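As a plain string of letters, each chain reads:
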Amino acid sequence: MITVELRKLVFRPRVWLSIVLLCAVPALVAVLLSVSDIAPPPGQGGAFLSAVMSNGSLFPAAALAMVLPVFLPLAVAVYAGDAIAGEAGTGTLRYLLARPVGRSRLLSAKLVALAIYIVLAVLIVVVTSLAVGVALFGTGAEAVGQAGAVTSLSGATLGPAELTVRLLAAIGYIVVSMLGFGTIALFFSTLSDSALGAALASLAVLIASSILETLDAADPIKPYLPTNYWLSWIDFFRDPILWHNVDRGLLLQAGYIVVFFGAAWANFGTKDITS
Amino acid sequence: MIVTRGLTKRYGRVVAVDGVDLDVREGDRYGFLGPNGSGKTTLVRLLLGLVYATSGEIEVLDMRMPARSRAVLQQIGALVEGPSAYPHLSGRQNLALLDAAGPGGRRRSRKGRIEDALEQVGLAGVDRRPVRAYSLGMRQRLGLAAALLREPRLLILDEPTNGLDPRGIREIRDLLTRLNEAGTTVFLSSHLLSEVEQLCTRVGIVDRGRLVVQESLSTLQAPTGHVLVDTPDAARVATILDGQVISRDGERLVIRHPDPAALNATLVGEGIRVSAIGEQRRTLEDVVLEVTGHGNDRVARP
């Protein structure tokens, strides 16, 4: 069933379109920066953006910082919201279940496909932005005196190998964060026969969580908000790595995955399929 | 093949299926008839384990549903409430995905299975265009191909000829008859009397969720004990057979008589010109109108 879901993912034009759009945003920013040559002052603008001007190999990190708060969750919500509700909408759900595909198996395959979609999207964003960054800004050899080296957020110099490891760790962290959010969308997808409704409901959760983040009165519940530790992947670029929030973020997202996948499973397994 | 006992399904306060005792036997071509909204589709969904019964029991292929659904559904081909396919993929890609999704069958023989199924429903020459571009009739045929893909022992088909032209309907009827003669049991749900009348051997009629008739078609169409006579001398017949004439409409008479041949001899002996004579049989339409009410698509002023 997982291979079937992967084939659906690969054959779907919408999947590739969403990833292309994700890549387009950072590319546009990179072109504007390089053409205008106006760097945001350090400490302002998007994370890493001021550093990118002198070293293009840091641009993947800047690109991730750009897509993470809105565009990436948007793509994930659309994809995960479509998982079950989309099948119900096209009427293929009843034929899959009558084939027969067990309901738990179908749902698990959808979760795996969602994870693969997120990995794919993030990796492609990283690869394209690395290419764009290096092409437009170079590797910053003249600034730090060592090809491929960058300055960490804490001021120490990171070599290319170190940077690669940290970037991979950050990617892993982002994937887990998105999977936590995607599982919420997957749960909504089992509630509704409308893929759009499920995607919008999960975006509503995202927005509500972001609003609460800015509210001091919400302090007691902040550690449990799904978006709370999303930006902690930046901590991988500090020296030494700041593990405190990363650990908590991973634990929180694991909690969201378990709880909402469990809820999706309980709902979908006992639901009357009338689509 | 299919046995249900006291099968009931409620959606909130609406009772969609109400105490149905279905009995479909191996080798049947079973026609399941009922007005729109009478619970046909809900019953089909119950049989396939898509919706869960409120009460009652279901046995399909001598196994309990939905407990043994994996074993049961492998041997069933189904068409539920119209065909469905991924619109951006071709018919062959759709069948390949469906075939790969479930258990059974070797991967290497998949292509052969798909071509066989397409051949059976008359889509063998279909090209690579996406299902989005298919006509209604082509989609219906693709849905049937999906049902036939695994050479099922039991076919559960909901309105299988929807969207087909008369020639297509004839083709599918012949296909179903052929499959049935080769051992496949066919359960066909429809609101089209002609479809059931021409294809089925047994009939179940459902009305507002209740199974009101379950009988072989030949029994339902039994002679009524009346004879229909067409004659230009209708007025004279009425005087000769006084008391046996039930109704007279122009040249057509309905006469209570057990034997058309004997009646014909009598009439001819009296010098009556008979242009047509034959025993009256109940039509399926008579039976259905007798036992069912309006479908729920008619909303009259109270």
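Numbering of residues begins from 1 in every chain and follows the order in which that chain's sequence is written. Naming scheme: in the order in which they are written, chains are lettered from A and ligands are numbered from 1. Selection of residues for local features in this predicted model requires a pLDDT of at least 70, selection of side-chain atom pairs for listing and counting requires 80 or more, and totals for whole chains, interfaces and linings are taken over all residues.

A word on the overall build of chain A
A helix here means a DSSP run of H or I that spans at least four residues, while a strand means a run of E at least two residues long, and both kinds are numbered starting from the N terminus. Within chain A one finds 11 helices and 2 strands. Computed over C-alpha atoms, the radius of gyration of chain A comes to 20 Å, within 12% of the 19 Å expected from 2.2 N^0.38 for 275 residues, which places it in the range of a compact globule. The burial criterion counts other C-beta atoms lying within 10 Å of a residue's C-beta, which is placed from the backbone; the residue is buried at 20 or more, exposed at 12 or fewer, and partly exposed between these limits. A burial count over chain A gives 47% of its 275 residues as buried. Two residues qualify as a contact pair if the distance between their C-beta atoms, derived from the backbone, is within 7 Å. Within chain A, contacts between residues separated by at least 24 positions form 75% of all contacts whose residues are at least 6 apart in sequence. It is over C-alpha atoms that the radius of gyration is taken, and the globule rule equals 2.2 Å times the number of residues to the power 0.38.

Some thoughts on the overall build of chain B
In terms of regular secondary structure, chain B is built from 11 helices and 15 strands. Across its three principal directions, the C-alpha atoms of chain B cover 75 × 45 × 40 Å. Buried positions account for 38% of the 302 residues belonging to chain B. Of the contacts made within chain B by residues no fewer than 6 positions apart, 67% connect residues no fewer than 24 positions apart.

Focus on the domain arrangement of chain B
Boundary definitions for the domains trace back to an automatic or database domain assignment. In terms of domain boundaries, chain B breaks down into domain 1 (2-220) and domain 2 (223-281). Between domain 1 of chain B and domain 2 of chain B, the C-alpha centre-to-centre distance is 45 Å.

Considering the packing of helix α4 (residues 59-67) of chain A against helix α7 (residues 103-137) of chain A
Residues and elements named next belong to chain A. For helices, the axis comes from a line fit to the C-alpha atoms of the stretch in contact; other axes are also lines fit to C-alpha atoms, and the angle between any two N-to-C directions lies between 0 and 180 degrees. It is the contact of α4 with α7, at a shortest axis distance of 8 Å, that shows an interaxial angle of 125°. On the basis of the axis angle, α4 is oblique to α7. Between α4 and α7 lies a crossing of right-handed hand. On α7, the residues touching F59, P60, A63, L64 and V67 of α4 are V125, V126, S129, L130, V132, G133 and F137. Classification convention: Asp, Glu, Lys, Arg as charged; Ala, Val, Leu, Ile, Met, Phe, Trp, Tyr, Cys, Pro as nonpolar; all other residues, Gly among them, as polar. For the contact of α4 with α7, the per-class residue count stands at 10 nonpolar, 2 polar and no charged. Every angle not falling under 35 degrees, over 145, or within 65 to 115 is termed oblique; those three ranges are roughly parallel, roughly antiparallel and roughly perpendicular. Crossing handedness is defined as follows: a turn of the near helix away from the far one that is anticlockwise and smaller than a right angle gives a left-handed crossing, while the clockwise case is right-handed.

Regarding unusual backbone geometry
Residues A:R99 and A:P100 are joined by a peptide bond in cis, for which omega reads 10°. You will see that B:D62, though not glycine, has its phi angle at about 65°, which is positive. On the secondary structure map, B:D62 appears in the loop between β5 (55-60) and β6 (63-65). Owing to 11 C-beta atoms within 10 Å, B:D62 belongs among the exposed residues under this scheme. Phi at B:E81 takes a positive value of approximately 50°, unusual for a residue other than glycine. Residue placement: B:E81 occurs in the loop between β7 (76-79) and α3 (91-101).

Overview of the interface of chain A and chain B
Contacts between the two partners involve 22 residues from chain A, matched on the other side by 22 residues from chain B. When residues of the side of chain A that touches chain B are traced back to their parent elements, those giving at least two are α1 (2-11) and α6 (92-98) of chain A. Sorting elements by how many residues they give to the side of chain A that touches chain B places α6(A) first, with 6 residues.

Some remarks on the confidence of the model for chain B
Interpreting fine coordinate detail is not advised for predicted regions of low pLDDT. When the pLDDT values of chain B are averaged, the result is 90; 99% of them are 70 or greater. The complex model carries a pTM of 0.89, and its ipTM stands at 0.88. The predictor attaches a confidence to each residue, called pLDDT, with possible values from 0 through 100.

What to know about helix α6 (residues 166-181) of chain B
Residues and elements named next belong to chain B. Taking 1.5 Å of rise per residue, the 16 residues of α6 would be expected to cover 22 Å, and the 23 Å separating its terminal C-alpha atoms lies within 8% of that figure. Among the residues of α6, those classed as buried are I169, I172 and L176. Taken around the axis of α6, the buried residues stretch over an arc of 65°, which confines them to a single face. Looking at α6, the residues exposed on the side facing more than 90 degrees away from the buried face are R167, D174, R178 and E181. At the exit of α6 stands G183, carrying a positive phi of roughly 115°. To estimate the expected span of a helix, count its residues, drop one, and scale the result by 1.5 Å. Here the arc refers to the directions that run from the helix axis out to each C-beta atom.

Observations concerning the sheet that holds strand β12 (residues 223-230) of chain B
All names here are of chain B. Pairing between two strands is assigned when DSSP locates at least 2 bridges connecting them. With antiparallel pairing, the 4 strands of this open sheet are ordered in space as β13-β14-β12-β15. Strand pairing shows two members of the sheet lacking a second neighbour, β13 (245-249) and β15 (276-281), which therefore form its edges. Strand-to-strand twist of the sheet, defined as the mean angle between neighbouring strand axes without regard to direction, takes the value 20°. In this sheet, β15 lies alongside β12 in antiparallel orientation, the contact comprising 5 bridges. Considered in β15, the bridge of V229 is made with I277.

Regarding the pairing of β7(B)
Successive side chains on a regular strand alternate, one facing one side of the sheet and the next facing the other. Residues and elements named next belong to chain B. Side chains I76 and A78 project from β7 onto one buried face, and the interleaved G77 and L79 project onto a second face that is buried too. As paired elements, β7 and strand β8 (residues 154-158) share 4 bridges and run parallel to each other. Looking at β8, one finds that I76 is bridged to L154.

Things to note about helix α10 (residues 195-213) of chain A
Side chains three or four residues apart in an α-helix point the same way, a direct result of the helix having 3.6 residues per turn. Here α10(A) contains 19 residues, and its C-alpha end-to-end distance of 27 Å stays within 8% of the 27 Å for a straight helix at 1.5 Å per residue. Looking at the packing, one finds that the buried side of α10(A) touches α5 (71-90) and α9 (160-191) of chain A.

Concerning the pairing of β12(B)
The sheet contact formed by β12(B) and strand β14 (residues 252-256) of chain B spans 5 bridges and is antiparallel. Among the inter-strand pairings, B:L228 is bridged to a residue of β14(B), identified as B:V254.

Topic: the environment of A:I207
With respect to the helices and strands, A:I207 occurs in helix α10. Note: C-alpha distance between A:I207 and A:F137 (70 residues apart in sequence) is 34 Å.

A closer look at the sheet that holds strand β10 (residues 202-207) of chain B
All names here are of chain B. If you walk across this open sheet you meet the 6 strands as β7-β8-β9-β4-β10-β11, and the pairing is mixed. Across the chains shown, the open sheet's two edge strands, defined by having one partner strand only, are β7 and β11 (210-216). The average angle at which neighbouring strand axes cross in this sheet is 15°, direction not considered. With 5 bridges joining them, strand β4 (residues 29-33) and strand β9 (residues 185-190) adopt parallel strand pairing. Counted as the bridge partner of L33 is S190 from β9. Seen against the sheet, helix α1 (residues 40-47) touches β4, β8, β9 and β10 and runs at an angle of roughly 150° to β8.

A word on the environment of A:C23
Residue and element names in this part refer to chain A. Looking at the secondary structure, you find C23 in helix α2 (residues 13-36). Residues C23 and R94 lie 71 residues apart in sequence; the distance between their C-alpha atoms is 36 Å. With near-sequence residues (within four places) excluded, C23 lies in contact with I124, V125 and T128.

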